[in-house]
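Here is how the chains run, residue by residue.
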Amino acid sequence: MPGTTHQAMLMVGVVEIVAGIVVAIAPRYGGLLVAAWLAGIILNLVTMGDFYDVALRDFGLFVAALALAALAWDRTSGHAD
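Here the structure is a predicted model, which is why all the values come from computation and not from measurement.

What follows concerns a nonpolar patch on the surface. A cluster of nonpolar side chains, Y29, L32, L66 and W73, forms an exposed patch at the surface whose accessible area comes to about 370 Å². Residue assignment for the nonpolar patch shows that the elements contributing at least two residues are α2 (27-48) and α3 (52-76). Looking at the secondary structure, you find L66 in helix α3. A residue is classified by how much of its surface remains accessible, and L66, at 35% relative accessible area, is partly exposed.

Turning to the packing of aromatic side chains, a few remarks are in order. Using the criterion set out here, one finds two aromatic pairs in the structure. Here the aromatic rings of Y29 and W73 are separated by 5.5 Å at their centres, their planes lie at 80°, and the arrangement is edge-to-face. In this pair, Y29 is assigned in helix α2 and W73 in helix α3, connecting sequence segments 44 residues apart.

Attention shifts here to the side chain of D58. Relative to the helices and strands, D58 is located in helix α3. We classify D58 as buried; its relative accessible area is 4%.

Cut-offs and rules
- Residues numbered from 1 in each chain as written.
- Predicted model: local features only at pLDDT ≥ 70, side-chain atom pairs only at ≥ 80, totals over all residues.
- Heavy atoms only, no water.
- Patch = residues over 30% accessible without salt bridge, like charges linked within 9 Å, V, L, I, M, F, W, Y side chains within 5 Å.
- Areas by Shrake-Rupley, 256 points an atom, 1.4 Å probe, with all protein chains shown as cover.
- Salt bridge = Lys/Arg side-chain N within 4 Å of Asp/Glu carboxyl O.
- Helix = DSSP H or I, 4+ residues; strand = E, 2+ residues; numbered from the N terminus.
- Buried < 20%, exposed > 50% of the residue type's maximum accessible area, 1.4 Å probe, protein only.
- Phe/Tyr/Trp six-rings, centres within 6.5 Å; stacked < 30°, edge-to-face > 60°.

Note that every value here comes from positions in space, so none of it alone points to a role or purpose.
Structure follows, in structure tokens:
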């Protein structure tokens with residue numbers, strides 16, 4: 001990445017804030033956005049060959065983000081069960 005480590009972390013912070021806002025406004029798409037972001041983090045951690053504990057934690061968050069998206073899609077699909 002171009003720039004310093006500090007600048008990279010600031011960019012990551014902006015992305016995560018935007019993802020949180022998208023989850024609050026449109027959870028159907030925000031859940032998928034967060035799941036994709038977490039998948040990238042997991043892939044990065046696993047390919048580094050270290051921090052498997054953090055990757056496992058993020059996998060749990062990944063599953064939760066997918067569950068949020070699935071529940072939001074079901075809720076907004078108009079099914080009245």
